[in-house]
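# Breakdown of the fold
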Amino acid sequence: MYTLPPLPYAYDALEPYIDEATMRLHHLKHHQTYVDKLNAALEPYPELQNKKLEELLKNLETVPEAIRNAVRNHGGGHWNHSFFWQILAPASNQGSTLGDKGRTLTEEIKKQFKDSALACFGSGWTWLVKKSDGSLLVTNTPNQDTPISSGQVPILGLDLWEHAYYLKYQNRRAEYVDSFFKLLYPL
Ligand SMILES: [Fe+2]
């Protein structure tokens, strides 16, 4: 069964860009709920419990119809959040966790990414992905849909659900996007 992965840093490590209260709620409540609901969906299907989550999300059409939406939503939520925590670098550690990702993040791609994040309607994510032909693409997904279900390899992903930023930023999504860039590498 799936478990909530610990954050790779303290809850207050992303201050002042992402506040401790948001991180606690986001990780301990929202992410935990995706994990719990994914486990509940898979409970009657022991043969699926041995598969990797990536395998299920890349082949959603093979998941039994009765739980396909649950795996898509809660499995996607678990995968997306686990990825999101990993790409954020604590203020004290900026630049050291990004590796090759920093080199792909040109001003042009940052502009595309921000425009895409501001245009995301409803709850969803903005992504920088590598497509199967190796080219880069900035794209949005609704809800907890994950690019790996479309055969894309995520490089960056930004959670645009209000639970990710509303406590601190309210409706100021542009500021939240700017803060996200600051957590990736020093500007
Ligand atoms: Fe979230």
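Refer to the structure printed above.
These lines cover the structure that appears in this document, whether it is placed above or below. Note that the coordinates shown come from a computational prediction; the quantities given were computed from them, not determined experimentally. (Residues numbered from 1 in each chain as written. Predicted model: local features only at pLDDT ≥ 70, side-chain atom pairs only at ≥ 80, totals over all residues.)

### A short note on the pairing of strand S2 (residues 136-142)
Pairing geometry for strand S1 (residues 124-130) and S2, over seven bridges, is antiparallel. Note that in S2 the partner of Trp127 across the bridge is Thr139. Remark: five residues form the turn of the hairpin made by S1 and S2, two consecutive strands paired antiparallel; Gly134 in that turn has positive phi of roughly 95°. (Pairing = 2+ DSSP bridges. Helix = DSSP H or I, 4+ residues; strand = E, 2+ residues; numbered from the N terminus.)

### Details of the nonpolar core
By size, the foremost hydrophobic cluster in this structure holds 23 residues, and its most contacted members are Leu128 and Leu158. Counting residues per element, the ones that place at least two in this core are helix H6 (107-119), S1, strand S3 (153-159) and helix H8 (173-184). Those residues in contact with Leu158 that lie beyond four places of it in its chain are Ala117, Trp125, Thr126, Val177 and Phe180. Leu42, Leu57, Val71 and Trp79 belong to the second-largest nonpolar core, a separate cluster that totals 11 residues. (Core = buried A, V, L, I, M, F, W, Y, C linked by C-beta atoms within 7 Å. Buried ≥ 20, exposed ≤ 12 C-beta atoms within 10 Å, placed from the backbone. Contact = placed C-beta atoms within 7 Å.)

### Structural notes on the sheet that holds S2
Read across the open sheet, the three strands follow the order S2-S1-S3; overall the sheet is antiparallel. Looking at strand neighbours, the two that pair on one side only are S2 and S3, the edges of this open sheet. The mean inter-strand angle of the sheet, taken between neighbouring strand axes irrespective of direction, is 25°. The sheet contact formed by S1 and S3 spans six bridges and is antiparallel. In the sheet register, Leu128 faces S3, and the bridge partner there is Leu156. Helix H4 (residues 65-87) rests against S1 and S3 of the sheet, and its axis sits at about 90° to S3. (Axes fitted to C-alpha atoms, helices over the stretch in contact; angles between N-to-C directions.)

### Considerations on the packing of H6 against H8
Across the interface, H6 lies against H8 with an axial gap of 10 Å and an inter-helix angle of 145°. In this structure, H6 crosses over H8, and the sense of that crossing is right-handed. Contacts between H6 and H8 involve Lys110, Lys114, Ala117 and Leu118 from the former and Arg173, Ala174, Val177 and Phe181 from the latter. The residue inventory of the contact of H6 with H8, partitioned by class, reads five nonpolar, no polar and three charged. (Left-handed = near helix turned anticlockwise from the far one by under 90°. Nonpolar A, V, L, I, M, F, W, Y, C, P; charged D, E, K, R; others polar.)

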